[in-house]
Amino acid sequence: MTLPDTKYDNESLRSHPILRHFPTLLHRWHGGRARLYNLTDSHRSLTIRVEKTDVIGNLQLTFSPVHICGPVEWSPANLEVKLNADGHYVIYDAEADVTIISDGGIEIAENVQPVF
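Below is a summary of the structure that appears in this document. (Residues numbered from 1 in each chain as written. Predicted model: local features only at pLDDT ≥ 70, side-chain atom pairs only at ≥ 80, totals over all residues. Heavy atoms only, no water.)

Observations regarding the sheet that holds strand 2 (residues 45-51)
Pairing in this open sheet of seven strands is antiparallel, and the strands run 4-1-2-3-7-6-5 from one edge to the other. In this open sheet, the two strands that pair with only one neighbour each are strand 4 (73-74) and strand 5 (80-83). Bridge analysis of strand 5 against strand 6 (residues 89-93) gives four bridges, and the strand direction is antiparallel. Bridge pairing in strand 6 places Leu-83 opposite Tyr-89. (Pairing = 2+ DSSP bridges. Helix = DSSP H or I, 4+ residues; strand = E, 2+ residues; numbered from the N terminus.)

Some remarks on the pattern of salt bridges
In the structure shown here, the tally under the stated rule is six salt bridges. Ionic pairing is found between Arg-33 and Glu-73, a salt bridge with its closest N-O pair at 3.7 Å. Highlighted residues: Arg-33 in strand 1 (residues 33-40) and Glu-73 in strand 4, separated in sequence by 40 residues. According to the relative accessible area criterion, Glu-73 is partly exposed, its value standing at 43%. Note that Glu-51 is salt-bridged to Arg-49, the shortest N-O span being 3.1 Å. Given a relative accessible area of 7%, Arg-49 falls into the buried group. (Salt bridge = Lys/Arg side-chain N within 4 Å of Asp/Glu carboxyl O. Buried < 20%, exposed > 50% of the residue type's maximum accessible area, 1.4 Å probe, protein only.)

Encoded structure:
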């Protein structure tokens, strides 16, 4: 799958007010198991949760998807987040052939309840 053109490279994202912490957090959870959760239509929201075997905690990304392509669960996860030319967030994992485009905000958090 060809990813949408991105507006910024990883270095440029370090100064982005929302995305600057994403590379560090995403790298910390690299290799975990990712799953799609809580797809809702009323307020169009989707959550990706990443967990690792033998590691207590999780990483959770929540956003407003307009395009979803890929499996609902995959491992090992290697998620990245960038902006496309339209200013939409592109959440993708090239190895797992996952691409999700969000036209709203995006949130990232660690150790969201319930923590296993």
